[in-house]
Amino acid sequence: MQEPLLEVKNLSVEYAVARGKLKAVNNVSFTIHKGEFFGLAGESGCGKSTIAFAIMRLLKGAASVSDGEVVFRGKNILTFGEEELRLFRWDKTSMVLQSAMNNLNPVINIGSQLSDAIMAHRPVGPQKAMKKARELLTLVNIEQGRINAFPHELSGGMRQRVVIAMAMALEPDLIIFDEPTTALDVVVQYNIIYKIIELKKQMDFSIMFITHDLPLMLEICDCIGIMYAGKLVELSPVSELKHGAGHPYTRGLLQAFPSLLGAKVKITGIPGSVPDLITPPQGCLFYPRCTESKEICRETEPVFRSLDEEHFCACHFNGTGAARE
């Protein structure tokens with residue numbers, strides 16, 4: 001087994017709010033290897049983006065890492081000083097955020113924004129940086145003639161591709177995509193996803209892909225983690241997950257999306273809402289919404305255990321109907 005590229009170990013993130021401390025991420029662990037396409041799925045507010053921001057050390061204000069480690073190639077990112085962090089970001093790991101228009105400076109053309117990012121991390125002059133910027137635009141299927149265009153002169157899909165080009169500018173080992181197709185129409189979403197897959201094959205970087213669209217992840221990812229109420233409730237290779245999810249929440253997510261093939265089935269949502277994370281209920285956090293729950297679920301929190309060598313799940317039953325020992 002090759003050495004992990006990124007290891008998230010027992011990570012917990014808290015937000016200080018008026019009523020107390022809200023644990024947005026609670027003891028989460030997973031590993032991403034070189035060249036792997038890793039997905040993180042779950043409802044809005046389950047902690048996916050908070051994990052990404054913790055990895056990039058972008059948590060601000062009331063948010064802070066309360067426990068755990070984020071290890072990149074053997075070094076804990078959470079202990080980095082300002083200079084180490086500057087060398088790590090964009091060079092080793094970069095991030096594509098939601099809402100590209102908000103991530104680009106509206107009064108600076110895209111060529112300058114791309115070249116500025118390159119010159120901030122590489123000892124090159126403006127001409128070489130601009131040449132690299134033009135190459136990056138070609139890489140994401142944008143005409144080089146748009147190099148002097150301002151963000152408002154580009155469509156939403158083009159702006160998102162500019163942000164992807166910026167994330168690849170220094171050829172990092174890992175790129176984090178935080179719902180990169182949000183607010184884009186279906187055709188543009190498909191084009192963005194196809195381009196990401198194509199670039200990954202071409203440049204051999206690893207991906208951490210965040211979305212609520214679990215069926216999409218089953219098509220593009222190697223391994224998937226399922227988040228619920230700040231906890232990782234299931235972690236599995238896609239090949240295992242396609243044959244059967246262990247957690248009722250994962251099955252609920254899958255049933256909430258229509259299938260493109262096969263017989264028509266009734267789409268069902270997951271009843272209820274996410275629990276209060278300041279005063280969470282006893283036992284399994286999914287218990288109040290679970291149609292398969294029993295008394296043990298209300299009283300005892302399930303342990304995150306292995307179903308087989310690579311498939312892990314935090315459920316007392318795992319769809320078997322009988323509690324595990």
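Described in the following lines is the structure provided in the data block. (Residues numbered from 1 in each chain as written. Predicted model: local features only at pLDDT ≥ 70, side-chain atom pairs only at ≥ 80, totals over all residues. Heavy atoms only, no water.)

1. Quick look at the environment of Ile 147
Next up, step 1: Note that Ile 147 resides in the loop between helix H5 (126-139) and helix H6 (156-167).
Next up, step 2: With relative accessibility at 2%, the residue Ile 147 sits in the buried group.
Next up, step 3: A sequence separation of 13 residues divides Ile 147 from Arg 134, and the C-alpha atoms of the two residues are 6.7 Å apart.
Next up, step 4: Residues in contact with Ile 147, not counting those within four places in the same chain, are Asn 109, Ile 110, Gly 111, Met 130, Ala 133, Arg 134 and Leu 137. (Helix = DSSP H or I, 4+ residues; strand = E, 2+ residues; numbered from the N terminus. Buried < 20%, exposed > 50% of the residue type's maximum accessible area, 1.4 Å probe, protein only. Contact = heavy atoms within 4.5 Å.)

2. Some details on the packing of aromatic side chains
Next up, step 1: A full pass over the atoms with the stated rule returns 10 aromatic pairs.
Next up, step 2: When the ring of Phe 72 is compared with that of Phe 88, the centres are 5.3 Å apart and the planes differ by 75 degrees; the resulting orientation is edge-to-face. With Phe 72 in strand S4 (residues 63-72) and Phe 88 in helix H2 (residues 82-88), this pair connects stretches of sequence that are 16 residues apart.
Next up, step 3: For Phe 72, a relative accessible area of 5% puts it in the buried group.
Next up, step 4: Seen in terms of ring centroids, Tyr 228 and Phe 286 are 5.1 Å apart; in terms of plane orientation they differ by 80 degrees. Their pairing is edge-to-face. One end of the pair, Tyr 228, is in strand S9 (residues 223-228); the other, Phe 286, is in the loop between helix H10 (248-255) and helix H11 (295-299), with 58 residues separating them in the sequence.
Next up, step 5: Exposure remark for Phe 286: the relative accessible area of 4% places this residue in the buried category.
Next up, step 6: Grouped by ring-pair contacts, the aromatic residues Phe 37, Phe 177 and Phe 209 constitute a single cluster. (Phe/Tyr/Trp six-rings, centres within 6.5 Å; stacked < 30°, edge-to-face > 60°.)

3. As for the state of the cysteines
Next up, step 1: Under the defined criterion, the tally for this structure stands at 0 disulfides.
Next up, step 2: Take Cys 290: it sits in no disulfide, and the sulfur closest to it among the cysteines is that of Cys 297, at 6.2 Å.
Next up, step 3: Here Cys 297 is not disulfide-linked; the sulfur of Cys 284 is the nearest cysteine sulfur, at 6.0 Å. (Disulfide = S-S within 2.5 Å.)

4. So, the pairing of S4
Next up, step 1: As defined by bridge partners, strand S1 (residues 6-17) adjoins S4 across 8 bridges and the pair is classed as antiparallel. Of the residues in S4, the one forming a bridge with Tyr 15 is Ala 63.
Next up, step 2: For S4 and strand S5 (residues 75-76), the ladder comprises 2 bridges, and the chain directions are antiparallel. Along S5, the bridge assignment pairs Phe 72 with Lys 75.
Next up, step 3: Joining the antiparallel neighbours S4 and S5 is a turn of 2 residues, in which Arg 73 adopts a positive phi near 50 degrees. (Pairing = 2+ DSSP bridges.)

5. Digging into helix H4 (residues 110-121)
Next up, step 1: With 12 residues, H4 ought to run about 16 Å at 1.5 Å a step, and its terminal C-alpha atoms sit 17 Å apart, in line with that.
Next up, step 2: Of all the residues in H4, the buried ones are Ile 110, Gly 111, Gln 113, Leu 114, Ser 115, Ala 117 and Ile 118.
Next up, step 3: Turning to H4, the residues buried within the fold contact H5 and H6.
Next up, step 4: Between a side-chain oxygen at the N-terminus of H4 and the backbone nitrogen of Gly 111 the separation is 3.2 Å; the capping residue is Asn 109. (Expected span 1.5 Å × (residues − 1). Polar contact = N/O pair within 3.5 Å; in protein donor to acceptor, adjacent residues only side chain to side chain.)

6. Describing H5
Next up, step 1: An ideal rise of 1.5 Å per residue puts 20 Å on 14 residues; H5 measures up with 20 Å between its terminal C-alpha atoms.
Next up, step 2: Looking at H5, one finds that the buried residues are Ala 129, Ala 133, Leu 136 and Leu 137. Burial along H5 is one-sided: seen end-on, the buried residues are contained in an arc of 100 degrees. Facing away from the buried side of H5 by over 90 degrees, the exposed positions are Gln 127, Lys 128 and Lys 131. (Arc of directions from axis to C-beta.)

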